[in-house]
Amino acid sequence: MIPIDLRSDTVTTPTPEMRRAMASAEVGDDVYGEDPTVRRLEETAAALLGKEAGLYVPSGTMGNLVAVMTHTRRGDEVLLEAEAHIYYYEVGGMAVVAQVLPRLVPGRRGVLAPEDVLGALRPANLHFPRPTLLCLENTHNRAGGTVWPPELFEAVSTTARRAGLAVHLDGARIFNAAVRLGRPAAELCRTADSVMFCLSKGLAAPVGSVLVGPADWIARARKNRKIVGGGLRQAGVIAAAGLVALETMVERLAEDHENARRLALGLAGIGGLLVEPDKVETNIVMCDVSGLRVTAVEFARRQAEKGVLANAVDARRLRYVTHKDVSRRDMERAVTLVAETASETRAGA
Ligand SMILES: *Cc1c(COP(=O)(O)O)cnc(C)c1O
């Protein structure tokens, strides 16, 4: 039996329309700026997010790294919410490559208040590093796909900018936030200087992310992308799928959100699991297994044997992510199989 793969929305495979667009894509050498499909993707992405220019990058991790490199100088201090993907899951690239100092600011479900930013800023002093950048995340991955209230995002980013910091938005799943709120993505990024979003998650393109921002800033980011080896040649072959993703895959994210809600309601009824369906805003469901006295890693292993794949995100929590390659029926089957796993875990405890 084919497992129900809820490890991530990155497991999505390209649609037939994407494969057709890839096969017939017009291409050129993008390092020379001669790939018309990449250019069209960069322009389309920039327009959708309300920014001047875009830069196609092979991964979200590279997009965030290039953003940090372009906003900072070596030794600068970068403020991030404490559970930020850039800090947690990007192999310390900001320290290794950009050579900046992360300053973690604890939020509530991934979201900060203006006071949090003000509280983290120190007056100019010989002893202190120079704070130059605030990174925010929408939707917030480790907080469970939470959506920033737009007014709060504006207040926090405006506060940071008034204090002289640039604001970068890790918007890997910004379109999930936009669909959830029923508002254009550009409205959610207005007060960010730069934004990165992923084409290869819920939007189901095989490869790629786009970094957007002011035209002169993107020109500098293009050089930094080259430094980290991200200058690609006939990348129109993959960018073509990204264009189809933006044209055809955004609105359907609502289905993923509905499936996540159904999954959460089902899991919440299973003894020993703690799931809060009211807190499921997009396509991520967090499930606490501490009531079962097994680690999340062990629970993930056992449910995988039954055909449900999900990742442990810490010692007690698993993360289930819905996407276009799982159906409403898969959600029902997943709940049944997770319930079996939980009851065996209880019996064996
Ligand atoms: C997935 C993700 C990234 C990185 O994207 P990759 O393409 O996997 O490198 C960055 N930020 C967030 C919030 C993500 O979920």
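Residues numbered from 1 in each chain as written. Predicted model: local features only at pLDDT ≥ 70, side-chain atom pairs only at ≥ 80, totals over all residues. Heavy atoms only, no water.

Novice: Before we move on, can you summarise the site of the ligand with the specific residues and values?
Specialist: Near the ligand there are 14 residues, and of these Gly60, Thr61, Asp170, Arg173 and Lys201 occur at the shortest range. One nitrogen or oxygen atom from the side chain of Arg173 is found 3.0 Å from an oxygen atom belonging to the ligand. Between the ligand and the protein, one listed contact pairs an oxygen atom with a side-chain N or O atom of Lys201 at 2.7 Å. For the ligand, whose accessible area on its own is 380 Å², the fraction buried by protein is 86%. When contributions to the shell around the ligand are tallied by element, the ones reaching two or more residues are helix H3 (60-71) and strand S7 (194-198). No other element matches the three residues that H3 contributes to the shell around the ligand. Classifying every residue of the shell around the ligand by side-chain character gives three nonpolar, six polar and five charged. (Near = heavy atom within 4 Å. Polar contact = N/O pair within 3.5 Å; in protein donor to acceptor, adjacent residues only side chain to side chain. Areas by Shrake-Rupley, 256 points an atom, 1.4 Å probe, with all protein chains shown as cover. Helix = DSSP H or I, 4+ residues; strand = E, 2+ residues; numbered from the N terminus. Nonpolar A, V, L, I, M, F, W, Y, C, P; charged D, E, K, R; others polar.)

Novice: Give a description of the nonpolar core that names residues and reports values.
Specialist: If you look at the biggest cluster of nonpolar residues, it comprises 52 residues, and the most contacted ones within it are Ile174, Phe175 and Leu199. Sequence-distant contacts of Ile174, defined by excluding residues within four places in its chain, comprise Leu49, Asn138, Thr139, Leu169, Ala185, Leu188, Cys189 and Phe197. (Core = buried A, V, L, I, M, F, W, Y, C linked by side-chain atoms within 4.5 Å. Buried < 20%, exposed > 50% of the residue type's maximum accessible area, 1.4 Å probe, protein only. Contact = heavy atoms within 4.5 Å.)

Novice: So what about the sheet that holds strand S11 (residues 311-312)? Which residues, and what values?
Specialist: With respect to topology, three strands assemble into an open sheet ordered S9-S12-S11, the strand pairing being antiparallel. Only two strands of the sheet have a single partner each, and these edge strands are strand S9 (284-288) and S11. Two elements, S11 and strand S12 (residues 317-321), share two bridges in a ladder whose sense is antiparallel. Bridging across to S12, Asn311 finds its partner in Arg319. Contacting S9 and S12, helix H12 (residues 253-268) crosses the sheet at an angle of about 15° to S9. (Pairing = 2+ DSSP bridges. Axes fitted to C-alpha atoms, helices over the stretch in contact; angles between N-to-C directions.)

Novice: Can you explain the sheet that holds strand S3 (residues 77-81)? Please cite residues and give values.
Specialist: The seven strands are arranged S2-S8-S7-S6-S5-S3-S4 in an open sheet whose pairing can be described as mixed. The strands lining the two open edges of the sheet, one partner per strand, are strand S2 (53-57) and strand S4 (101-105). Taken pair by pair, the neighbouring strands of this sheet meet at an average axis angle of 20°, ignoring direction. Of the strand pairs in this sheet, S2 and strand S8 (residues 209-213) are connected by five bridges, and their pairing is antiparallel. The partner of Ala53 across the bridge, within S8, is Gly213.

Novice: An account of the pairing of S3 is needed here, citing residue identities and associated values.
Specialist: Along S3, five of the five residues are buried, which leaves the element largely enclosed by surrounding structure. Residues of S3 alternate between two faces, with Glu77, Leu79 and Glu81 on one and Val78 and Leu80 on the opposite face, all of them buried. Where S3 and S4 come together, five bridges link them in parallel fashion. Of the residues in S4, the one forming a bridge with Glu81 is Val105. Two strands pair when backbone bridges link them, and S3 and strand S5 (residues 131-137) are joined in this way by four bridges, in the parallel orientation. Looking at the pairing, Leu79 lines up with Leu134 of S5.

Novice: Hey, could you go over the side chain of Ser209 for me, with residue numbers and the actual values?
Specialist: Mapped onto the secondary structure, Ser209 falls in strand S8. Of the residues examined, Ser209 reaches a relative accessible area of 0% and is grouped as buried. Within polar-contact distance, the side chain of Ser209 engages the backbone nitrogen of Gly60 at 3.0 Å. Those residues within four positions of Ser209 in sequence are excluded, and the remaining contacts are Leu55, Tyr56, Val57, Pro58, Ser59, Gly60, Met196, Phe197, Cys198 and Leu199.

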